[in-house]
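Commentary on secondary and tertiary structure
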Amino acid sequence: MKHERHHSKSDSKLKQAVCIITSFLLAVSLTIIVLCISLKTGFMNQDKVIQGFSDSGYYISIYNNMLDRCENEALVSGLSEEIFDGVFSIDELTSYCDTYIMSLINEQKHEMDTSAMETKLSENIKNYAEEHNLVVDGDIDTVIASFTSAVISYYKSAVQFPYFDQISSLFRLFNKLLTYLMPCMIIFSLILVILIIRLNTFKKNRIFRYLSYAFLSSSLSLLVIPVFSYITKFYKRLVFSEEHEYKYVVAYIDNGLKIFVIIGIVLFVLGIISILNGAIIKKKLKEEHVPIHHHHHEQ
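Computed from a predicted structure; not experimentally measured. (Residues numbered from 1 in each chain as written. Predicted model: local features only at pLDDT ≥ 70, side-chain atom pairs only at ≥ 80, totals over all residues. Heavy atoms only, no water.)

**Section: the pattern of salt bridges**
- Counted according to the given criterion, the structure contains 3 salt bridges.
- One salt bridge connects E243 with K247, and the closest N-O pair in it is separated by 3.5 Å. Pair noted here: E243 and K247 are both in helix 9 (residues 243-298), with a separation of 4 residues, about one helical turn.
- In this structure, E287 and K283 form a salt bridge, with 3.8 Å as the shortest nitrogen-oxygen distance. Residue E287 and its partner K283 are located together in helix 9, separated by 4 residues, close to a single helical turn.
- Note on E287: relative accessible area 46%, which makes it partly exposed.
- Residue K283 is classed as exposed on the basis of its relative accessible area of 55%. (Salt bridge = Lys/Arg side-chain N within 4 Å of Asp/Glu carboxyl O. Helix = DSSP H or I, 4+ residues; strand = E, 2+ residues; numbered from the N terminus. Buried < 20%, exposed > 50% of the residue type's maximum accessible area, 1.4 Å probe, protein only.)

Set out below in structure tokens:
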């Protein structure tokens, strides 16, 4: 009898150890899953990239910058800024900017069609030259063509976000990794959950206890990232040559970190729910055992 009790005690010790290890592995795999989801929804997608542009006033900044450069070019060439009337629009620039980003992320070839702008600009310059009797050194068409190509190159470089071709290759690499990693991690997590359930069929409250360990530790691991970022504000100390680039990066990181906080809080709430569930089941199990015990006494 003593030997049997000792045997069952060592059995439950072993079972407990297996449950703790399983719970730890579940926390790790859950952390990997939610980290991937947070990165995918918070950073590694075109919607978030574009949201960062609109949140930071990026389009207006690059539009004004581009227009300044073009107007300077016009003044140097002895022309007026009125030659740009009806050539550029903020909506068109926004659309070009978004298309450029999406084509890079999705590995699509994208050629910007600026022919309508070029035609309109050439017409405006010709009209301006005629109205003001401007004398040109050499052939007017050649002069207009070289001026127009200089202006359009400013436009094209304004639309193209610097370093985005390298950034988009990171996006693609991450998406490839996600394709293989996510299914493996989800299957692994399910196996671990089933193992915890099987090991605690008689004491169901323990199932929730081990699940709560996994949820809470995974939640804290995830929340460490935004907390560290908000405390150190490292991303606000980054240096960029252009202010609109800086504003964009700050807005983009802020948006991404919000997703980390939301998912971290959801996991934390799941952990608390698991603890409460475990406590309710434990109370029920105790209540079920007490009446039987009293009944034996009465007999």
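Anyway, onward from the coordinates.
**Side note on a positive patch on the surface**
- A cluster of basic side chains, namely K203, R209, K282 and K286, defines a positive patch on the protein surface.
- Here K286 lies in helix 9.
- Relative accessible area serves as the criterion here: at 56%, K286 is assigned to the exposed category. (Patch = residues over 30% accessible without salt bridge, like charges linked within 9 Å, V, L, I, M, F, W, Y side chains within 5 Å. Areas by Shrake-Rupley, 256 points an atom, 1.4 Å probe, with all protein chains shown as cover. Lys, Arg positive; Asp, Glu negative; His and termini not counted. Charge placed at Lys NZ, Arg CZ, Asp CG, Glu CD.)

No statement about biological role is implied by the geometric values presented.
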